Amino acid sequence: MMGYTQQEMASLIGVTYQQAHKYERGINRISAGRLYSIAAALNVPINYFFEGLSETKSEEISPRQRMCLEMARNFSNIVNERHQDALSHLARTLAETAND
């Protein structure tokens, strides 16, 4: 939205391009301190990233949502980064195939 490249954003928050890419892709979690740095770099208040969360309703989650949460939990428990990359690539490929 601000027009920064990943390289520029990485430089602004003091991380490598690769780390910024991992944040953007959701591969690595963002710590509270890093989120603060990102907010400062973008000149937005920290609560910008949490807007709308209080408006969510606490409804029962569907079986599909439960499956997605379980998949995310299982994925984060895979310690071998190559296996995570392979699984991520497989999911991307299957999603692209489904859209054809």
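### Notes on the overall build of the protein chain
Here is step 1: When helices and strands are tallied, the protein chain shows five helices and zero strands.
Here is step 2: When its helices and strands are written in sequence order, the protein chain yields α-α-α-α-α.
Here is step 3: At 17 Å, the protein chain has a C-alpha radius of gyration far larger than the 13 Å of a compact globule built from 100 residues.
Here is step 4: Sorting the 100 residues of the protein chain into buried and exposed places 12% on the buried side.
Here is step 5: If you take every contact in the protein chain between residues at least 6 apart in sequence, the share linking residues at least 24 apart comes to 28%.
Here is step 6: Taking the 10 positively charged and 11 negatively charged side chains of the protein chain as two groups, their mean positions are separated by 7 Å.

### Focus: the packing of helix α1 (residues 6-13) against helix α3 (residues 32-42)
Here is step 1: Running from N to C, α1 and α3 cross one another at 115 degrees; their axes reach a closest spacing of 9 Å. The angle between α1 and α3 places the two elements in the roughly perpendicular class. Crossing handedness for the pair α1 and α3: right-handed. In contact with M9, L12 and I13 of α1, α3 contributes R34, S37, I38, A41 and L42.
Here is step 2: The class makeup of the residues in the contact of α1 with α3 is six nonpolar, one polar and one charged.

Procedures and definitions
- Residues numbered from 1 in each chain as written.
- Predicted model: local features only at pLDDT ≥ 70, side-chain atom pairs only at ≥ 80, totals over all residues.
- Heavy atoms only, no water.
- Helix = DSSP H or I, 4+ residues; strand = E, 2+ residues; numbered from the N terminus.
- Rg over C-alpha atoms; globule rule 2.2 N^0.38 Å.
- Buried < 20%, exposed > 50% of the residue type's maximum accessible area, 1.4 Å probe, protein only.
- Contact = heavy atoms within 4.5 Å.
- Lys, Arg positive; Asp, Glu negative; His and termini not counted.
- Charge placed at Lys NZ, Arg CZ, Asp CG, Glu CD.
- Axes fitted to C-alpha atoms, helices over the stretch in contact; angles between N-to-C directions.
- Parallel < 35°, antiparallel > 145°, perpendicular 65-115°, else oblique.
- Left-handed = near helix turned anticlockwise from the far one by under 90°.
- Nonpolar A, V, L, I, M, F, W, Y, C, P; charged D, E, K, R; others polar.

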